[in-house]
Amino acid sequence: MSNTDIKGIIKVHREVMKEKDTEGIASEQFQGLPQPLLANEKKSDIVIELPDSYDPVVVNNNFMEVLNNRTSRRKYSEDSLSLLELAYLLWSTQGVKKVIGKERKATIRTVASAGARHPFETYLFVNRVEGLEPGLYHYLALEHKLEYLGEVKDQTEKVTEAFGGQEFFATAPVGFVWTVVPYRSEWRYTVNAQKYALLDAGHVCQNLYLAAESIGCGTCAIGAYEQDLADNLLDLSSEPTSDKENEFVVYAASVGKLPKE
């Protein structure tokens, strides 16, 4: 590929970060079309109730210390996370505090999102969490529950390959994977939805960093992955499409207990 071709691709991709003039573009919300679902529907019959009283797991309530100590951590002990610790991290990153609205509903969550559209879903590659079988899980944010999507054969090898050869992610007690459902934001923001979704992804992961730090865990954000392989692990399609149900991986992060000094 020539330098000219590369510059052309860069130019196109930079435009995603710019605010677009939407004059003359009527959103589907403005047209009165039905809004998308607030969250993905349950796929599995195996659902795990999550605890919601977090005081016992928070070991550091000093916000300045949490901010100062926040950093990417790639090395973890062999200790398992408790289900309460995992529930706290899920609540901190995508927890639904309340649902508002009558005809047009929205979720108020623990993270900011443009227009309260919250276009993300949380999946987990679990290795070591007390009370959970290893495998793939999905967070049912509206219910604060987990659904078990099943065992992933050769999970370590496949996850390592899909996420940039980063074995520490594949072998961590938990690997968080966030997908985006673009239409949730496009319904309101049309051509600006992609920019807002990328901003929102940062809100989600930063909350994970701060929450992990507050319970004595470490985390490391992952932006390097093979789109097709990562999507395939979640039984999603990477094919370019404008379908309303389109969903694909956009971000990930490992989480684990810190090694003893």
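Further up the page is the structure itself.
Let me sum up the structure you'll find in this document. (Residues numbered from 1 in each chain as written. Predicted model: local features only at pLDDT ≥ 70, side-chain atom pairs only at ≥ 80, totals over all residues. Heavy atoms only, no water.)

A tally of regular secondary structure across the chain gives 8 helices and 9 strands. The C-alpha radius of gyration computed for the chain amounts to 19 Å, which stays within 12% of the reference 18 Å derived for 261 residues, consistent with globular compactness. Seen through its C-alpha atoms, the chain measures out along the principal axes to roughly 60 × 55 × 40 Å. Out of the 261 residues in the chain, the part that is buried amounts to 46%. With the model as given, the accessible surface of the chain reaches about 13900 Å², and the carbon-plus-sulfur share is 50%. Charged side chains in the chain number 28 positive and 38 negative. The centres of these two groups are separated by 6 Å. (Helix = DSSP H or I, 4+ residues; strand = E, 2+ residues; numbered from the N terminus. Rg over C-alpha atoms; globule rule 2.2 N^0.38 Å. Buried < 20%, exposed > 50% of the residue type's maximum accessible area, 1.4 Å probe, protein only. Areas by Shrake-Rupley, 256 points an atom, 1.4 Å probe, with all protein chains shown as cover. Lys, Arg positive; Asp, Glu negative; His and termini not counted. Charge placed at Lys NZ, Arg CZ, Asp CG, Glu CD.)

Turning our attention to the nonpolar core. In this structure, Leu86, Leu89, Leu124, Leu146 and Phe176 are the most contacted members of the largest nonpolar core, which totals 39 residues. Put simply, the parts of the chain that give this core at least two residues each are α3 (83–94), β4 (120–126), β5 (135–140), β6 (145–150), β7 (174–180), α7 (193–214) and β9 (248–257). In terms of nonpolar packing, the next biggest core, distinct from the first, is built from 21 residues, Leu136, Ala172, Leu236 and Ala252 among them. (Core = buried A, V, L, I, M, F, W, Y, C linked by side-chain atoms within 4.5 Å.)

Right, let's talk about unusual backbone geometry for a bit. We note that His118 has phi near 45°; this positive angle belongs to a residue other than glycine. Judged by relative accessible area, which is 3%, His118 ranks as buried. Even without being glycine, Thr190 reaches a positive phi, approximately 45°. Summarising the element assignment, Thr190 is placed in the loop between α6 (183–189) and α7.

Take α3 next. The terminal C-alpha atoms of α3, which comprises 12 residues, lie 16 Å apart, in line with the 16 Å expected from a rise of 1.5 Å per residue. Judged by how many residues are buried, α3 sits mostly within the fold: 10 of 12 residues are covered. Along α3, the residues that are buried comprise Leu84, Glu85, Leu86, Ala87, Tyr88, Leu89, Leu90, Ser92, Thr93 and Gln94. (Expected span 1.5 Å × (residues − 1).)

Let us now look at the layout of surface pockets. Space inside the largest pocket adds up to approximately 330 Å³. Lining the largest pocket are 14 residues, with Val16, Gln194, Leu198, Phe248 and Val250 positioned closest to its centre. Counting only elements with at least two residues in the lining of the largest pocket, the list comes to α7 and β9. When residues in the lining of the largest pocket are grouped by element, the largest group, 5 residues, is from α7. By residue class, the composition of the lining of the largest pocket is 11 nonpolar, 2 polar and 1 charged. When contributions to the lining of the second largest pocket are tallied by element, the ones reaching two or more residues are α6 and α8 (227–233). Classifying every residue of the lining of the second largest pocket gives 4 nonpolar, 7 polar and 5 charged. (1 Å grid on protein atoms, 1.4 Å probe; cavity = no way out; pocket = protein on both sides within 12 Å on 5 of 7 lines; lining within 4 Å. Points joined across faces, edges and corners; volume = space filled by probe spheres on them. Nonpolar A, V, L, I, M, F, W, Y, C, P; charged D, E, K, R; others polar.)

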